[in-house]
Amino acid sequence: MSVVWMMLMLVMIAASRKLKSRCKDEALEVREEYATVIFTGTVWRVFRTSEQKFTYSAEVKVRRVLKGGDHVNADTLVVIDEIGTPLICRNRVREKDTRIFFLTQGVNHLRFNSSVIRMTMANLLRVMAAVKVE
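All of the points below concern the structure found in this document. The shown structure was predicted, so the numbers you read here are calculated from the model rather than taken from an experiment.

## Some details on the nonpolar core
Grouped together as the largest cluster of nonpolar side chains are 18 residues, with contacts concentrated most on Phe39, Val60, Ile80, Val93, Phe101, Leu103 and Phe112. Listed by contribution, the elements that provide at least two residues to this core are strand 1 (37-47), strand 2 (56-67), strand 3 (77-83), strand 4 (98-105) and strand 5 (110-112). At four residues, strand 2 tops the list of elements feeding residues into this core. Core analysis: the second largest hydrophobic core is formed by 11 residues, Leu28, Ala35, Leu124 and Val131 among them.

## A few points about unusual backbone geometry
Even without being a glycine, aspartate 75 presents a positive backbone phi close to 65°. By the element assignment, aspartate 75 lies in the loop between strand 2 and strand 3. According to the relative accessible area criterion, aspartate 75 is exposed, its value standing at 54%. Despite not being glycine, lysine 96 has its phi angle at roughly 75°, a positive value. Summarising the element assignment, lysine 96 is placed in the loop between strand 3 and strand 4. Accessibility expressed as a relative area gives 70% for lysine 96, which makes it exposed.

## Considerations on the pairing of strand 3
Looking at chain direction, strand 2 and strand 3 are connected through five bridges and run antiparallel. Each residue of the ladder has a partner; that of valine 60, found in strand 3, is valine 78. Where strand 3 and strand 5 come together, two bridges link them in parallel fashion. Residue pairing for strand 5: isoleucine 80 is matched across the bridge by leucine 110.

## Focus on the pattern of salt bridges
Here the structure, examined in full by the defined rule, presents three salt bridges. Its salt-bridge partner being arginine 45, residue glutamate 59 comes within 3.5 Å of it at the nearest N-O pair. Residue glutamate 59 is located in strand 2, and its partner arginine 45 is located in strand 1; the two are separated by 14 residues in the primary sequence. Looking at glutamate 59, the relative accessible area reads 22%, which means it is partly exposed. By relative accessible area, arginine 45 is classed as partly exposed at 39%. The residue aspartate 97 makes a salt bridge to arginine 99 at a minimum N-O spacing of 3.6 Å.

## Things to note about the environment of valine 62
Along the chain, valine 62 falls in strand 2. Note on valine 62: relative accessible area 0%, which makes it buried. Separated by 10 residues in the primary sequence, valine 62 and valine 72 place their C-alpha atoms 8.0 Å from one another. Once residues lying within four places of it in the same chain are set aside, the contact partners of valine 62 are Phe39, Thr40, Gly41, Asn73, Ala74, Asp75, Thr76 and Val78.

What counts, and at which threshold
Residues numbered from 1 in each chain as written. Predicted model: local features only at pLDDT ≥ 70, side-chain atom pairs only at ≥ 80, totals over all residues. Heavy atoms only, no water. Core = buried A, V, L, I, M, F, W, Y, C linked by side-chain atoms within 4.5 Å. Buried < 20%, exposed > 50% of the residue type's maximum accessible area, 1.4 Å probe, protein only. Helix = DSSP H or I, 4+ residues; strand = E, 2+ residues; numbered from the N terminus. Pairing = 2+ DSSP bridges. Salt bridge = Lys/Arg side-chain N within 4 Å of Asp/Glu carboxyl O. Contact = heavy atoms within 4.5 Å.

Here's what the structure looks like:
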């Protein structure tokens, strides 16, 4: 039984690596162009809102709005839908994660249009420069 289990695990690892290698994000400038809302924020709560097994929603505390200030304000909680969709590379978040979010404003909701970026000073400066060029 353990040999079968080990083989299954190896197949799953190989498949996940293959999927990751196919996952390519657009250039930061292109991602910034497509996003109607960009902000830094901390995930407060993650919850299921859909019957689909792989997607969920998150309540995010907005820290700093970089683009789309007419859609969201700093120091407010917003709900982001359709997290975990396989159409976007790195969009999984956990509670207490602080990230840079690239979102599209839908009718009464926000959703990802590209991967989230880890919050570092270098990444923040890159995103701010891309937004400023506009």
